[in-house]
Amino acid sequence: PPVEPLLWRSLLAFYYPLVLMSILGSAVLPLVSLALGQAREPLASLAVFPVVLAFGFLFRSLAISFQEVAIALLGERHEGYDGLRRFALYLAAGMLATLALIAFTPLAHLTFEHVLGLPPPLAELAVPSFQITILYPSLTVWSIWQRALMVHGRRTGPITVAVAVELMGTCLLLYVTIHMLALIGTEAAAWSLVLGGLLGPLLGGGFRFVFPANN
């Protein structure tokens, strides 16, 4: 069918918020590493937390790959919306249940000691922070679903706002948990990433879990 011609102005307006999102998003983990060096037990935290994140990323990658699927299958009249939202809920619940089963059973020590190869003292440090971060992949599903809706609706500006809110919230939480609450570095980073990941969808541009058909 005939479509509107693609103009530079509309292309850049759609594209540059996504570029900013990528730049801001890539700054989170280096800032976490910087903060771990200032926390309690810095060397152990710097050794352990990347392992915790890498294991969690195995699950987060399922959420990240969902964005392109949702954009492609929403449909011109959003006829795929209900099925995709249902799938997002099942995906988030399934990952949370699986991670909880690992984190709060003897499977946690088995995973970090025998599968991922951490010495027992470092595995003891890894398990509590891993128990906190089990929420992170499910929050990623929520955030990715919202991004897919915005990209499909050609409203990419709020995505940048959400990522900026998440970045600033994570930095503030790192400062509070490390310098004011004096938490161990791994636990401070875990709480900061999870709560920062919650702030982005909640406060960034008024993201909702329903399709913004009237916006």
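Scroll up to find the structure.
Summary of the structure given here. Here, residues in each chain are numbered from 1, in the same order as that chain's written sequence. In keeping with the predicted nature of the model, local features appear solely for residues at pLDDT of at least 70, side-chain atom pairs appear and are counted solely at 80 or more, and the whole-chain, interface and lining totals rest on all residues. The basis for the side-chain values is all heavy atoms of the structure; hydrogens and waters are excluded.

1. Concerning the overall build of the chain
Helix and strand definitions follow DSSP, with helices as H or I runs of at least four residues and strands as E runs of at least two, each counted in order from the N terminus. What the chain contains, in helices and strands, is 10 helices and zero strands. The N-to-C order of helical and strand elements in the chain reads α-α-α-α-α-α-α-α-α-α. Seen through its principal axes, the chain has C-alpha atoms that stretch 65 × 30 × 25 Å. Residue contacts are counted whenever heavy atoms from the two residues lie within 4.5 Å of one another. Residue pairs in contact within the chain that sit at least 24 positions apart in sequence constitute 79% of those at least 6 positions apart. The Shrake-Rupley method, run with a 1.4 Å probe, gives the accessible areas here. Residue values count only the displayed protein chains as cover. Of the roughly 11,600 Å² that the chain leaves accessible, carbon and sulfur atoms contribute 70%. Charged residues are defined here as Lys and Arg on the positive side and Asp and Glu on the negative side; His and the ends of the chain fall outside this count. Here the site of a charge means NZ on Lys, CZ on Arg, CG on Asp, or CD on Glu. Side-chain charges in the chain split into 10 positive and 10 negative, and the spacing between the mean points of these groups amounts to 12 Å.

2. Details of the nonpolar core
Grouped burial of nonpolar side chains is what soluble globular proteins tend to show. Residues belong to one nonpolar core when they are buried, are Ala, Val, Leu, Ile, Met, Phe, Trp, Tyr or Cys, and are joined through side-chain atoms within 4.5 Å. A 1.4 Å probe rolled over the protein chains alone gives each residue an accessible area, and that area as a share of the maximum for its type sets the label: buried under 20%, exposed over 50%, partly exposed in between. Core analysis: the largest hydrophobic core is formed by 49 residues, its most contacted members being V32, F49, F112, F130 and W145. Of all the elements, helix α5 (residues 81–103) adds the most residues to this core, at nine residues. In terms of nonpolar packing, the next biggest core, distinct from the first, is built from five residues, M21, M150, I159 and V163 among them.

3. Points about helix α3 (residues 42–64)
To get the bend at a given residue, fit one axis to the seven residues ending there, fit another to the seven starting there, and take the angle between those axes. The largest bend in α3 comes to about 40°, at L58. Listed in full, the buried residues belonging to α3 are S45, V48, F49, V52, F55, G56, F59, R60 and A63.

4. Topic: unusual backbone geometry
Not every positive phi belongs to a glycine, and R154 is a case in point at roughly 60°. Among the structural elements, R154 can be located in the loop between α8 (136–152) and α9 (157–180). When its relative accessible area of 70% is taken as the criterion, R154 is described as exposed. Even without being a glycine, A182 presents a positive backbone phi close to 55°. You can see A182 is positioned in the loop between α9 and α10 (185–203).

5. Regarding a nonpolar patch on the surface
Side chains of L6, W8, L11, L12, Y15, Y16, V19, L20 and I23 sit close together on the surface and give an oily, nonpolar patch of about 970 Å² of accessible area. Position of Y15 among the secondary structure elements: in helix α1 (residues 8–26). Nonpolar side chains (Val, Leu, Ile, Met, Phe, Trp, Tyr) within 5 Å and like charges within 9 Å form the patches, drawn only from residues with over 30% relative accessible area and no salt bridge. By convention in these notes, a salt bridge is any Lys or Arg side-chain nitrogen within 4 Å of a carboxyl oxygen on Asp or Glu.

6. Topic: α9
In this model, α9 (24 residues) spans 34 Å end to end at C-alpha, consistent with the 34 Å of a helix rising 1.5 Å per residue. Just downstream of α9, A182 is the residue with a positive phi angle, here 55°. A helix is expected to span 1.5 Å for every residue after the first.

7. A look at the packing of α3 against α8
Each packed pair of helices is defined by two parameters, the angle between the axes and the distance between the axes. Orientation is described by lines fitted to C-alpha atoms, with helices fitted over the stretch in contact, and by angles between N-to-C directions that extend from 0 to 180 degrees. It is the contact of α3 with α8, at a shortest axis distance of 8 Å, that shows an interaxial angle of 15°. When the axis of α3 is compared with that of α8, the two are roughly parallel. Between α3 and α8 the crossing geometry is right-handed. Where α3 abuts α8, its residues G56, F59, R60, A63 and I64 lie against Y136, P137, T140, V141 and I144. In this classification, the charged set is Asp, Glu, Lys and Arg, the nonpolar set is Ala, Val, Leu, Ile, Met, Phe, Trp, Tyr, Cys and Pro, and all remaining amino acids, among them Gly, are polar. Of the residues in the contact of α3 with α8, the class split is seven nonpolar, two polar and one charged. Small angles under 35 degrees read as roughly parallel and large ones over 145 as roughly antiparallel, with 65 to 115 read as roughly perpendicular and the rest as oblique. By convention the crossing between two helices is left-handed if the near helix lies anticlockwise of the far one by an angle smaller than a right angle, and right-handed if it lies clockwise.

8. Quick notes on the packing of aromatic side chains
Both the distance between ring centres and the angle between the ring planes are used here to describe each pair of aromatic rings. We call Phe, Tyr and Trp rings a pair once their centres come within 6.5 Å, taking the six-membered ring for Trp, and we label the pair stacked below 30 degrees between planes, edge-to-face above 60, and tilted otherwise. As enumerated under the stated definition, the model contains seven aromatic pairs in all. Pairing F55 with F130 gives two aromatic rings, centres 5.5 Å apart and planes at 55°, and the pair type is tilted. Taken together, the positions of F55 in helix α3 and F130 in helix α7 (residues 120–133) put the pair 75 residues apart, joining distant regions of the chain. With respect to burial, F55 and F130 carry one shared label: buried. An aromatic cluster is built from F55, F59, F112 and F130, whose rings are joined through pairwise contacts.

9. What to know about the packing of α8 against α10
For the pair α8 and α10, interaxial distance at closest approach is 10 Å and the crossing angle is 15°. Regarding the angle of α8 to α10, the classification is roughly parallel. In terms of crossing hand, the pair formed by α8 and α10 is left-handed. Of the residues in α10, those in contact with Y136, L139, W142 and S143 of α8 are L193, V194, G197, L198, P201 and L202. Residues belonging to the contact of α8 with α10 are distributed by class as follows: eight nonpolar, two polar and no charged.

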